[in-house]
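Letter by letter, the chains look like this.
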Amino acid sequence: MFTAIIARDIRLILRQGGGAGMSLGFVLTVIVMIPLGIGPDHEVLSQIAPGIMWIALLLSVLLSADRIFRADYEDGSLELMGLGVLPLELVVLAKAVVHWLTSALPLSLTTPLFGIFLNLDPSLFSTLGLAMITGSATLSLMGCVGGAVTLGLRRGGLVISILILPLYVPILVFGLSASVGSMGADHVFNTSFLMLIAFALASVVLCPVAAAGILRAHFR
Amino acid sequence: MFTAIIARDIRLILRQGGGAGMSLGFVLTVIVMIPLGIGPDHEVLSQIAPGIMWIALLLSVLLSADRIFRADYEDGSLELMGLGVLPLELVVLAKAVVHWLTSALPLSLTTPLFGIFLNLDPSLFSTLGLAMITGSATLSLMGCVGGAVTLGLRRGGLVISILILPLYVPILVFGLSASVGSMGADHVFNTSFLMLIAFALASVVLCPVAAAGILRAHFR
Amino acid sequence: MKERTGKQKLMYRYASPTQFLVLLRRVLPWCTGVTVVLFALGLYGALLAAPPDYRQGEMVRIMYVHVPAAWMAMLIYTVIALASATALIWRHPLADLAGMTAAPIGACFTFLAMITGSLWGKPMWGAWWVWDARLTSVFLLFLLYLGYIGIWRVIEHPGRAARVAAIMGLVGFINVPVIKFSVSWWNSLHQPASVLRIGGPAIAPSMLWPLVIMGLAYFTLYITLHLIAMHTGIVNRRIRMLELRKIGE
Amino acid sequence: MKLQAQTLACERGGRQLFQGLEFTLTGGEAMLVTGRNGAGKTSLLRIICGFIEPTCGRIRLHDRPEACSIGQLCHYVAHEDAIKSALTVRENITFWARFFGAGDVEAGLAAFGLGPLAACNAGLLSCGQKRKLTLSRLKLVNRAIWLLDEPATGLDATAQHRLCRHMTHHLAAGGIVIAASHTQLDAPFTVTLNINDLSAGMT
Amino acid sequence: MKLQAQTLACERGGRQLFQGLEFTLTGGEAMLVTGRNGAGKTSLLRIICGFIEPTCGRIRLHDRPEACSIGQLCHYVAHEDAIKSALTVRENITFWARFFGAGDVEAGLAAFGLGPLAACNAGLLSCGQKRKLTLSRLKLVNRAIWLLDEPATGLDATAQHRLCRHMTHHLAAGGIVIAASHTQLDAPFTVTLNINDLSAGMT
Ligand code: HEM
Ligand SMILES: Nc1ncnc2c1ncn2[C@@H]1O[C@H](COP(=O)(O)OP(=O)(O)OP(=O)(O)O)[C@@H](O)[C@H]1O
Ligand SMILES: Nc1ncnc2c1ncn2[C@@H]1O[C@H](COP(=O)(O)OP(=O)(O)OP(=O)(O)O)[C@@H](O)[C@H]1O
Ligand SMILES: [Mg+2]
Ligand SMILES: [Mg+2]
């Protein structure tokens, strides 16, 4: 049943051109606009590249969080899932997995590609990608909580960004230091990376419970 | 009838917490994340501030474009508007006006506020704001075309960003040069600004026609 | 059905899918043959006959792959725009098909131009990619292609997709010169033209003729591919109809 | 006024739904369209108001009261409700009244007895109440042709009765009504069109 | 198995919809819930499957076949269709079959004769065909209690007949059916509950 949700959602996303495509499109937009907006200077670009990549990742997760449950809520599927044998917490977890697989993971994997356009230091490709993969798991899980909160509203944009932003900031900070840490002291990379993993583990437990609780309130 | 649409849509947006709130929230997120992501160096920030402001504006317009027609399409209102005495082109124009009033304008007006956070040169406040107001009119109109295209899909994210991005780049280029032009040669500001106005005028005519054509195709 | 004028009758006669299929099957082998011959000649010229550049050395041979690809990228978008206009004005299904099938080919050529350009750029400029005016506009052209393809892929209803794609094809075409213009404007503003010098010395005849032949080869290759794609498209459409009939029964 | 369909054929997704469909309705006449699920009732109504083009044949309107397209003379009530859940009942009605041009809001509210719910949020209405809200558009402005796609969905007996009364009034005033429905409607239909008979022999 | 409601009261948006509602259904019994629009039929069904909490009273299930909540023993067919328009008919059914746990896809497809449409995109179905797709969930897995909220909306005569047959079978197998409907359903209802009688005297 868990895999049924995952399989269906991935198929839906592939078929509707959302998910991965959407976040890639978003990041693409950012990457094209940055040189246009702040000048094509190689030095500057290469310096701010990791930050830009992380911000693009965060924004794209933030923006797609709103849609994690929306469609299922509006057509009544979510309600029915509440009547399944599978606990709602696991339904949420499945949704988070799909969200992560389709929006954060492709982004992290294509880091080198986008990095080339921003003249990112090639030695950072692997650490940045790894840090993004780990960090984005937390982002997706927290995104589920935000997505559940904004279900009642049609355009939860402001609410979701204000709600989730404080949660995302630590990930940005640690993620960034994990990505570029290898340039400087090696232990920074390790500590920050461990923090990212700790965040991810904590949210695997906490976020589904929180989100499922909020969803139940919406069924009334 | 034109004003009926505008009045209703503004009311809807105010009530659902979208529109202005949403784009302000988005820009706020960006502005908070930028110093975190690329370091709080004053010099660098102040240098890239106009670019960041423009990019934030573009992204927020891009992301909300998807929703210009979505709700009305899904609940059948848009179809009914196609049966009204008002030509569909004017319906599109009304939607564009609302989109501009609620997402681009508030952003342009709060430029100084956000600029402070990014250490933007205060002499740029007015030119930047003015250029953003003019440029964003075109952005909203083009957003309508993109929004119309993606109606068939539930998550047209990637497609809409890929479709609209090439349309937006000229606005970014001229808008930016209109905003910062006053720092250097004065005539640049004027020419770019005139270009922005020319774009706006051209899109007032062309975009509603294109968008209405696309909408009609969706009624089938 | 609408009355048809004499001119339209002529058009419909040659453009009726069945007639077109017959025509296609007759022309295709010739196209393929010409393409093969031209490529053989062109590659011989480019790889063996043409001299290495005095500044770029053997590197210059990338040019023979790169430049014609870039030409094709621009040409094919024009074809799409023409097809779109035809589709909007005469509502002919073959025009839709022509646009739909041309786009992936165009995207491939554009991608090829970008890849070969990057391969060339790494030794020449020391970077795979720079945000120079020409590169930026090619990149955006690539996105225009992807967007156009995306419309066909993503809108389920074929009739809708055709109309939307036609409108967007035209909009994109109007936009191409605007992009080109604005980007070079932006570039000249932020960055003096002296930093990047694409191309070396004026082209010598010994380098010119392989280039021209490669250009022709690319062109016939495109024609061949497009014809094949249209052929497949028509056949697919028929298969789909048959399948739907079967569902109906 | 005379609404005429000539040898209409309709194809959706590559399948022929019906062909050779003909009818003529003059002012004061009502037609009930019936047929099994997927027969093409909705498609027929959408062809009449101009959203879909028929593959063959056409719709003509003779002696039209105003010089405008057929669609602009139609009230089309679709399966979808065209209701904004963030607005109140009155605001919803007011919008359509203004959009159609100087419509009568109070008449709309009164048409299905939505007066007591006027200040209520439309998103909280029950299914049948929503349908009533949709149907009340019919009384906002006067349009000659009513195209009703399963208008009685979710309505209780009182509301169905009201709907039939409105249809009767409209016919008496010289209007045309075309309704597709699976349930029995008590309105004075003069013609019944069964689309099943016109299908090309496929399900 | 015995489903029992004791002095149920429900309040929505500050208004008392009904109070003192009682019923007892044993396996094999069917109840038809009627009442005017906004009476609270949908609310009652949602109370039964546990989405809403009643302001007073409670629902009890005696001798339940499995040790799980009442909701998990229910098939709830709501106004909403729970159909993904990007998936085909078969994919939609398959998902619910897998989600409910080892459901029988072919039985689902056969239940309302959707076999020929299996490869069709669910988004392109007509209104009644969508409803059939929704209803075919009932036959995927066996659940003891069926809660049907206006199940016949948009169904043609054949499909309505099929629905009633399925209900009859379910009852014969010892299940419980509670249906809210404005139209006449031909199933063998043993009880009819009119909610209007239980309202607190308000419209
Ligand atoms: C990814 C990078 C590149 C892209 C997207 C690109 C794109 C193009 C395009 C669109 C054209 C056709 C222009 C026209 O005919 O008007 C072109 C021509 C040409 N490119 Fe590139 N190019 C790239 C890199 C390079 C590099 C690195 C070099 C060599 C240093 C180069 C040398 C040339 C030459 C010699 C021509 C022919 C010039 C002419 O006909 O005017 N390109 N390129
Ligand atoms: N946009 C579309 N593209 C392709 N096929 C469609 C489309 N819309 C409807 N169809 C198909 O056309 C057929 C007729 O649909 P229509 O909605 O007209 O039926 P209907 O008679 O109104 O049925 P119902 O009684 O269920 O409302 C259906 O089989 C449906 O699958
Ligand atoms: N979430 C909600 N919040 C507040 N009020 C609500 C909510 N949902 C429904 N109501 C109100 O409760 C009343 C009963 O709604 P319900 O949907 O149960 O009616 P119903 O009997 O199913 O009517 P119908 O026959 O129209 O389907 C309605 O007046 C409605 O406005
Ligand atoms: Mg229908
Ligand atoms: Mg109800």
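Since the model is a prediction, treat every value here as computed from it, not as a measurement.

What counts, and where the lines are drawn
- In this convention, every chain numbers its residues from 1, walking through the sequence in written order.
- Whichever chain is written first is A, and whichever ligand is written first is 1; the rest continue in order.
- Totals for whole chains, interfaces and linings use every residue, but because this is a predicted model, local features are given only for residues with pLDDT of at least 70 and side-chain atom pairs only at 80 or more, for both listing and counting.
- Only hydrogens and water are set aside; all other atoms, that is, all heavy atoms of the structure, feed into the side-chain values.
- What makes two strands pair is DSSP finding at least two bridges between them.
- Numbered from the N terminus, helices here are DSSP runs of H or I no shorter than four residues, and strands are runs of E no shorter than two.
- Axes here mean lines fitted to C-alpha atoms, for a helix over just the part in contact, with angles spanning 0 to 180 degrees between N-to-C directions.
- Contacts are assigned to residue pairs that have any heavy atoms within 4.5 Å of one another.
- Shown as donors are all N, O and S atoms within 2.8 Å of a metal ion, widened to 3.2 Å for Na, K and Ca; because water is not in the atom set, sites may appear incomplete.
- Note on classification: 1.4 Å probe, protein chains only; a residue is buried when its accessible area is under 20% of the maximum for its type, exposed when over 50%, partly exposed between these limits.
- Helix span, as expected, comes to 1.5 Å for every residue beyond the first.
- Any residue with a heavy atom positioned within 4 Å of a molecule or strand is treated as near that molecule or strand.
- In protein, a polar contact means a hydrogen-donor-capable atom and an acceptor-capable atom, both N or O and within 3.5 Å, with residues adjacent in sequence counting only if both atoms are side-chain atoms; elsewhere, any N or O pair within 3.5 Å suffices.
- Computed by Shrake-Rupley with a 1.4 Å probe, the accessible areas treat only the displayed protein chains as cover when residues are assessed.
- Three classes are used, and their members are as follows: Ala, Val, Leu, Ile, Met, Phe, Trp, Tyr, Cys and Pro are nonpolar, Asp, Glu, Lys and Arg are charged, and the others, Gly among them, are polar.

### Overview of the sheet that holds strand β3 (residues 30–34) of chain E
Residue and element names in this part refer to chain E.
- Read from one edge of the open sheet, 5 strands run β5-β6-β7-β3-β8, paired in parallel fashion. Edge positions in the sheet fall to β5 (74–77) and β8 (191–194), since each has one partner strand and no second. Direction aside, the axes of adjacent strands within the sheet are offset by 15° on average.
- By the bridge criterion, 4 bridges tie β5 to strand β6 (residues 145–149) in an arrangement that is parallel. Note on β6: the bridge partner recorded for His-75 is Trp-146.
- Across the sheet, helix α1 (residues 41–48) is in contact with β3, β5, β6, β7 (176–180) and β8; its angle to β6 comes to roughly 155°.

### Regarding the coordination of the magnesium ion (ligand 4)
Residues and elements named next belong to chain D.
- In the first shell of the magnesium ion (ligand 4), the protein supplies Thr-42 (OG1) and His-79 (NE2), at 1.9 to 2.7 Å from the metal. Taken as a pair, Thr-42 in helix α1 (residues 41–48) and His-79 in the loop between β5 (74–77) and α2 (89–100) lie far apart in primary sequence, 37 residues in all.
- Judged by relative accessible area, His-79 falls into the partly exposed class, the value being 26%.

### Section: helix α3 (residues 62–90) of chain C
- Along its 29 residues, α3(C) runs 42 Å from first to last C-alpha, staying within 8% of the 42 Å computed at 1.5 Å per residue.
- Just beyond α3(C), the residue with positive phi is C:Arg91, at close to 50°.

### Regarding the site of ligand 3
- In the vicinity of ligand 3, 20 residues are found, and the nearest of them are D:Ser126, D:Gly128, E:Lys41, E:Thr42 and E:Ser43.
- Close to ligand 3, residues of chains D and E are found.
- In the environment of ligand 3, an oxygen atom lies 2.5 Å from a nitrogen or oxygen atom belonging to the side chain of D:Ser126.
- At 2.5 Å from an oxygen atom of ligand 3 is found a side-chain nitrogen or oxygen belonging to E:Thr42.
- Burial of ligand 3 by the surrounding chains reaches 89%, relative to a free accessible area of 640 Å².
- Secondary-structure elements contributing two or more residues to the shell around ligand 3 are α4 (127–135) of chain D together with β2 (15–26) and α1 of chain E.
- Its residues assigned to classes, the shell around ligand 3 shows 5 nonpolar, 11 polar and 4 charged.

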